[in-house]
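So the chains spell out like this:
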Amino acid sequence: MATIETAQNRNRPIGVFDSGLGGLTALKEIRAILPEEDLVYFGDTGRVPYGSRSRETICRYAEQDMRFLLSESACKAVVVACGTVSANALEQLKRHYTVPIIGVIEPAVEAAVRSSKNGKIGVIATPSSIASGAYTRALLAQDQSLSVTSAACSLFVPLVENGFIDPDDPIPTLTAERYLAPIRDAGVDTLILGCTHYPLLKPIIQRVLPHVALIDTGMEAAHRLSILLKEEALSCDGNSCGKGTTQFFVSDEPQDFAQAAARFLGLHPNAQFPIVRRVNIEAY
Ligand code: DGL
């Protein structure tokens, strides 16, 4: 029989955070596989991008994002839906908080190793994720004989944040061709989209690399979350919790976020987007 404490924990929402819109790709997957869970999303839209900042700044931002989710919503688990934070600050966050925290690197790396037939794996991510070496380390920890080719794609996040995601648009297409040339030349058969913004460019990336399996970090993290909730007896029991609500918080203009988020989540243009609240994240 569940203890009272376990039952109370089950009733709490799951926190998901990212520097901006990218984490919505993870949120969408979480919603699809855990429809009954209550979710709280924080997008640090006032301070995006994280991926060109120092590790010290990324760690400070990540601590504030965590404190916001834990103090305002008492989340039962947190998904760091950001490759940059996962690469630079995950260990620190895990040391500072007792709540289960899921990053995007490990689940993606495991999926990539399962997918690759020729042992040649590519990683694309933000400059600071690539500079951290976190993806390469995690891949080689799985299998030392892997050949890993990585590329920092600094322009992808601004393109996504500004809505340049149409597969027929020459601007993101030319950008992708430039960034992905070394990945193609290395003959990889599997590519980790190591930043949660990148799945929004998936059709473009797939067109440039038609025979390469693309690993979506948000999707893999969502699967890891559902396993962890079961293991920790934290899955919503469908009684007192589990209305499948999603609350959205951002650190800049809510209206801009709501419009872009509705598009990214694939909502009907006439669908009413939930209220997005603005947070003074520097206060946390
Ligand atoms: N979506 C994030 C990531 O996965 C961060 C992008 C950024 O803020 O630079 O790395």
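Details of the structure are given in the entry above.
Note that the structure is predicted; figures quoted are calculated from it, not measured.

Chemist: Help me understand empty space enclosed by the protein, please; the structure alone is not making it clear to me.
Modeler: Under the defined criterion, the tally for this structure stands at one cavity of 30 Å³ or more. Volume-wise, the largest cavity comes out at about 70 Å³. Lining the largest cavity are Asp18, Ser19, Pro49, Tyr50, Gly51, Cys82, Thr84, Thr126, Val157, Cys195, Thr196 and His197.

Chemist: Hey, could you run me through the site of the ligand in this one?
Modeler: Around the ligand lies a shell of 14 residues, among which Ser19, Tyr50, Gly83, Thr84 and His197 are the nearest. In this structure, glycine 51 approaches the ligand through a main-chain N or O atom, which is 2.8 Å from an oxygen atom. The contact in question runs from an oxygen atom of the ligand to an N or O atom on the side chain of threonine 84, over 2.6 Å. Against a free-state accessible area of 290 Å², the protein chains account for coverage of 99% of the ligand. Using a 2 Å cut-off from the grid points, one finds that the ligand occupies the largest cavity. Of the residues in the shell around the ligand, the class split is six nonpolar, seven polar and one charged.

Chemist: Honestly, unusual backbone geometry in this entry has me stumped. Any pointers?
Modeler: What is expected of a backbone is that most residues other than glycine have negative phi and most peptide bonds are trans. Following valine 48, the chain continues into proline 49 via a peptide bond in cis, with omega recorded as 0°. Relative to the assigned elements, proline 49 resides in the loop between β2 (39-43) and α3 (55-73). The backbone of alanine 74 sits at a positive phi, close to 45°, despite the residue not being glycine. Mapping alanine 74 onto the fold places it in the loop between α3 and β3 (77-80). Exposure remark for alanine 74: the relative accessible area of 34% places this residue in the partly exposed category. Unusually for a residue other than glycine, alanine 233 sits at a positive phi of about 55°. With respect to the helices and strands, alanine 233 occurs in the loop between α11 (217-231) and β9 (246-250).

What counts and what doesn't
Residues numbered from 1 in each chain as written. Predicted model: local features only at pLDDT ≥ 70, side-chain atom pairs only at ≥ 80, totals over all residues. Heavy atoms only, no water. 1 Å grid on protein atoms, 1.4 Å probe; cavity = no way out; pocket = protein on both sides within 12 Å on 5 of 7 lines; lining within 4 Å. Points joined across faces, edges and corners; volume = space filled by probe spheres on them. Near = heavy atom within 4 Å. Polar contact = N/O pair within 3.5 Å; in protein donor to acceptor, adjacent residues only side chain to side chain. Areas by Shrake-Rupley, 256 points an atom, 1.4 Å probe, with all protein chains shown as cover. Sits in = over half its atoms within 2 Å of the grid points. Nonpolar A, V, L, I, M, F, W, Y, C, P; charged D, E, K, R; others polar. Helix = DSSP H or I, 4+ residues; strand = E, 2+ residues; numbered from the N terminus. Buried < 20%, exposed > 50% of the residue type's maximum accessible area, 1.4 Å probe, protein only.

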